[in-house]
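# Observations on the three-dimensional arrangement
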Amino acid sequence: MYICVLGFILTIVLLNKKTKKNIRGGEKMKNIYDEDLKTCGNKKMKNGSWGENYKCDELGGGVHQICIKNISKNTNNFSKNTGQSNWSENRNNDNHCVCLGAWSLYNKKEKIKKKKEKKKKEKKKKEKSRILKCDAIPKNALSDNYVSKFSEGWNKWNGLELNNQIKNGVEELVKNCYYGNKNDSMYKKSQNLKKNYCKFAKNNNALNNTDLYNKLC
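## Concerning the overall build of the protein chain
Counting secondary structure elements, the protein chain contains six helices and two strands. The N-to-C order of helical and strand elements in the protein chain reads α-β-α-β-α-α-α-α. Out of the 217 residues in the protein chain, the part that is buried amounts to 43%. Counting contacts in the protein chain only where the partners sit at least 6 residues apart, residues at least 24 apart contribute 68% of the total. When the accessible surface of the protein chain is split by element, carbon and sulfur atoms take 51% of a total near 13400 Å².

So, in structure tokens, the structure goes:
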């Protein structure tokens, strides 16, 4: 009897480990620059949908893979504007791993909003701040597996998604993380991001005929 109980417990433990492995990518994941994936948060921050290692390495479920720095300051009511409660405004100065679909939807809505608010006389463009912790975003986010395979892929977000929002999500990621100036210290590693983006966008009709794609690829 004791042997049976012990065997049952061992089976549960192994299943839990396997499930956890399937959900989280672990220590071997690479980021969008083809380097080892860095942490999004730290022990001083409240949990931001990352794993025990503070990384945005979720492979299933909500696919929390986009690391936003200081989300309450750097976004305009991110959670509220993506159909959630207003939790993002209470994150203080903490980072947060957000879902691919939520990131796409947020940027699609921001694009629509800016078009409506744009003034005809406005000529001077302000340099956009980079709000992502790019070395904490996993490379596999730029793969066909995450277009709409899960309920929260690039093109999906709990039934609230907008048409072809993947374009806004992916391109805002690239604009945040790509450095095109050859004199910039980030230029060399940015070529890896460029390669990963172009490979991903090539077979996606919403991505492969845009100004950004034509410029970089």
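On we go from here.
## Things to note about the pairing of strand S1 (residues 64-68)
Most of S1 is tucked away: five of the five residues are buried. In this sheet, strand S2 (residues 96-99) lies alongside S1 in antiparallel orientation, the contact comprising four bridges. For Ile-66, the partnering residue across the bridge sits in S2 and is Val-98.

## Brief notes about the packing of helix H4 (residues 165-177) against helix H5 (residues 187-202)
Where H4 contacts H5, the axes come no closer than 10 Å and their chain directions differ by 165°. Compared by their axis directions, H4 and H5 come out roughly antiparallel. Crossing angle aside, the handedness with which H4 passes H5 is left-handed. Seen from H4, the contacting residues are Ile-166, Val-170, Glu-171, Leu-173, Val-174 and Cys-177; seen from H5, they are Ser-190, Leu-193, Tyr-197 and Phe-200. A per-class count over the contact of H4 with H5 returns eight nonpolar, one polar and one charged.

## Comments concerning the pattern of salt bridges
For the structure on display, the rule yields six salt bridges. For the salt bridge of Asp-34 with Lys-139, the shortest nitrogen-to-oxygen distance reads 3.1 Å. With Asp-34 in the loop between helix H1 (2-23) and S1 and Lys-139 in the loop between helix H3 (100-117) and H4, the pair connects residues that are 105 residues apart, well separated along the chain. For Asp-34, a relative accessible area of 25% puts it in the partly exposed group. Look at Lys-139 and you get partly exposed, because its relative accessible area is 33%.

## Considerations on the state of the cysteines
In the structure shown here, the tally under the stated rule is four disulfides. Two residues share a disulfide in this structure: Cys-56 and Cys-97, whose sulfurs sit 2.0 Å from each other. Judged by the sign of its S-S torsion, about -80°, the bond between Cys-56 and Cys-97 is left-handed. On the criterion of sequence distance, the pair formed by Cys-56 in the loop between H1 and S1 and Cys-97 in strand S2 is long-range, its members being 41 residues apart. Assigned by exposure class, Cys-56 and Cys-97 land together as buried. In this model Cys-134 forms its disulfide with Cys-177; the gap between the sulfur atoms is 2.0 Å. Disulfide Cys-134-Cys-177: the torsion about the S-S bond is -85°, which places it as left-handed. Residue Cys-134 is found in the loop between H3 and H4, and its partner Cys-177 is found in helix H4; the two are separated by 43 residues along the sequence. Classification of Cys-134 by relative accessible area gives buried; the value is 9%.

About the cut-offs
Residues numbered from 1 in each chain as written. Predicted model: local features only at pLDDT ≥ 70, side-chain atom pairs only at ≥ 80, totals over all residues. Heavy atoms only, no water. Helix = DSSP H or I, 4+ residues; strand = E, 2+ residues; numbered from the N terminus. Buried < 20%, exposed > 50% of the residue type's maximum accessible area, 1.4 Å probe, protein only. Contact = heavy atoms within 4.5 Å. Areas by Shrake-Rupley, 256 points an atom, 1.4 Å probe, with all protein chains shown as cover. Pairing = 2+ DSSP bridges. Axes fitted to C-alpha atoms, helices over the stretch in contact; angles between N-to-C directions. Parallel < 35°, antiparallel > 145°, perpendicular 65-115°, else oblique. Left-handed = near helix turned anticlockwise from the far one by under 90°. Nonpolar A, V, L, I, M, F, W, Y, C, P; charged D, E, K, R; others polar. Salt bridge = Lys/Arg side-chain N within 4 Å of Asp/Glu carboxyl O. Disulfide = S-S within 2.5 Å.

Scope: geometric values only; no functional claims are made or implied.
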